[in-house]
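Take a look at the letters that make up each chain.
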Amino acid sequence: MSSPHILILGPPGAGKGTQSSRIAESFGVEHVTTGDALRANKDMDISDMDTEYDTPRAYMEAGDLVPDAVVNAIVEEALTSADGFVLDGYPRNMDQADELEDMTDLDVILSLSVGREELVDRLTGRRVCDDCGANFHVEFDQPEEAGVCDECGGELIQRDDDNEESVTNRLDVFDENTAPVIDHYRDHAGFVEIDGEQSPDGVWADIEAAIDEQV
Ligand code: AP5
């Protein structure tokens, strides 16, 4: 079989980014992430798309969804050039799920489940490297030297949307828009629910086994 097409779903803070990096490395697929793509283009001019705000920044800092037209275009371009992929952060509503169905097929659909209280702790304590984007946590995944990235020596910062107010809104947006997407995929071939409350290594062991079984 050609390189697998993997979708990873879950609420904000479930560990999608953490586990997608491992999937990409281990299975030799591309990590396609709408969150990173949008963060790299926060100030791009989207006013010609008839949107409420002129850039993605305002949506993201509030924890709201960036308009579908912007995100669909990012994903379509990334998937066209990818052989195998792990898709992280998309689809986040049923219209995006319909778009994705027209773009590609999926071999494995992983759904990470984690309770709300744990998600708030993970997100408000997350620190990311300003240079290479590596993820850390002030309690669960501490760097060797406080404030310094183990991977590249860059500065660790807190994301603009990891404050308590944005996190609460992001979790509400997930419940309203993205939870129905997960329910939609439950009957799809290749759907596997993963207990995301285990240690990162425990989650990874389940994910690796699930992908090996499906592809
Ligand atoms: P995005 O960047 O996709 O954020 P998210 O979905 O909110 O997900 P996160 O990156 O916050 O969490 P994650 O699940 O990747 O967890 P992580 O591995 O980092 O999107 C940001 C914004 O962009 C959205 O709010 C929206 O505005 C916009 N956007 C993006 N896609 C869009 C779309 N399709 N449509 C419209 N708008 C879109 O882990 C979190 C923390 O927990 C880390 O500190 C990590 O070290 C720790 N951790 C991970 N696993 C474990 C574990 N097993 N145990 C303990 N700690 C753990």
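Residues numbered from 1 in each chain as written. Predicted model: local features only at pLDDT ≥ 70, side-chain atom pairs only at ≥ 80, totals over all residues. Heavy atoms only, no water.

A. View of the overall build of the protein chain. Within the protein chain one finds eight helices and eight strands. The C-alpha radius of gyration computed for the protein chain amounts to 17 Å, which stays within 12% of the reference 17 Å derived for 215 residues, consistent with globular compactness. In terms of overall dimensions, the protein chain has C-alpha extents of about 45 × 45 × 30 Å along its principal axes. Counting over 215 residues, the protein chain shows a buried share of 46%. A fraction of 67% describes how many contacts in the protein chain between residues 6 or more apart in sequence connect residues 24 or more apart. Within the structure as shown, the protein chain displays about 10800 Å² of accessible surface, and the carbon and sulfur contribution to it stands at 41%. (Helix = DSSP H or I, 4+ residues; strand = E, 2+ residues; numbered from the N terminus. Rg over C-alpha atoms; globule rule 2.2 N^0.38 Å. Buried < 20%, exposed > 50% of the residue type's maximum accessible area, 1.4 Å probe, protein only. Contact = heavy atoms within 4.5 Å. Areas by Shrake-Rupley, 256 points an atom, 1.4 Å probe, with all protein chains shown as cover.)

B. Representation of the sheet that holds strand β8 (residues 191–195) in the model. With respect to topology, five strands assemble into an open sheet ordered β2-β3-β1-β4-β8, the strand pairing being parallel. With partners counted over all chains shown, the strands left at the sheet margins are β2 (30–33) and β8, one partner each. Taken over all neighbouring pairs, the strand axes of this sheet differ in orientation by 20° on average, direction set aside. Relative to β8, strand β4 (residues 108–113) runs parallel, the two sharing five bridges. By the bridge assignment for β8, Leu110 is matched with Val192. (Pairing = 2+ DSSP bridges. Axes fitted to C-alpha atoms, helices over the stretch in contact; angles between N-to-C directions.)

C. Up close: the site of the ligand. Around the ligand lies a shell of 35 residues, among which Thr18, Asp64, Arg92, Arg126 and Arg170 are the nearest. Here a nitrogen atom of the ligand sits 3.4 Å away from a polar atom, N or O, in the side chain of Arg122. Between Phe136 and the ligand, the recorded distance is 2.9 Å, taken from a backbone N or O atom to an oxygen atom. Here the ligand loses 96% of its free accessible area of 1000 Å² to cover by the protein chains. Counting only elements with at least two residues in the shell around the ligand, the list comes to α1 (16–27), α2 (34–39), α6 (116–124) and β6 (135–137). A class-by-class count of the residues in the shell around the ligand yields 13 nonpolar, 13 polar and nine charged. (Near = heavy atom within 4 Å. Polar contact = N/O pair within 3.5 Å; in protein donor to acceptor, adjacent residues only side chain to side chain. Nonpolar A, V, L, I, M, F, W, Y, C, P; charged D, E, K, R; others polar.)

D. Summary view of the pattern of salt bridges. Tallied over the entire structure, the rule returns 15 salt bridges. The salt bridge partner of Arg39 is Asp36, with a shortest N-O separation of 2.8 Å. Here the residue Arg39 and the residue Asp36 both occupy positions in helix α2, the gap between them amounting to three residues, near one helical turn. A residue is classified by how much of its surface remains accessible, and Arg39, at 28% relative accessible area, is partly exposed. The partner of Arg116 in a salt bridge is Asp175, with the nearest N and O atoms 3.4 Å apart. Of this pair, Arg116 sits in helix α6 while Asp175 is found in helix α7 (residues 164–185), placing the two residues 59 residues apart along the sequence. According to the relative accessible area criterion, Arg116 is partly exposed, its value standing at 36%. (Salt bridge = Lys/Arg side-chain N within 4 Å of Asp/Glu carboxyl O.)

E. Broad picture of the sheet that holds strand β5 (residues 126–129). Ordered by their spatial adjacency, three strands build an open sheet running β6-β5-β7, and the pairing between neighbours is antiparallel. Both outer strands of the open sheet, β6 and β7 (156–157), are each paired with one neighbouring strand and no more. Relative to β7, β5 is paired through two bridges, and the arrangement is antiparallel. Residue pairing for β7: Val128 is matched across the bridge by Ile157.

Remember, this is a structural readout, not a statement about activity or role.
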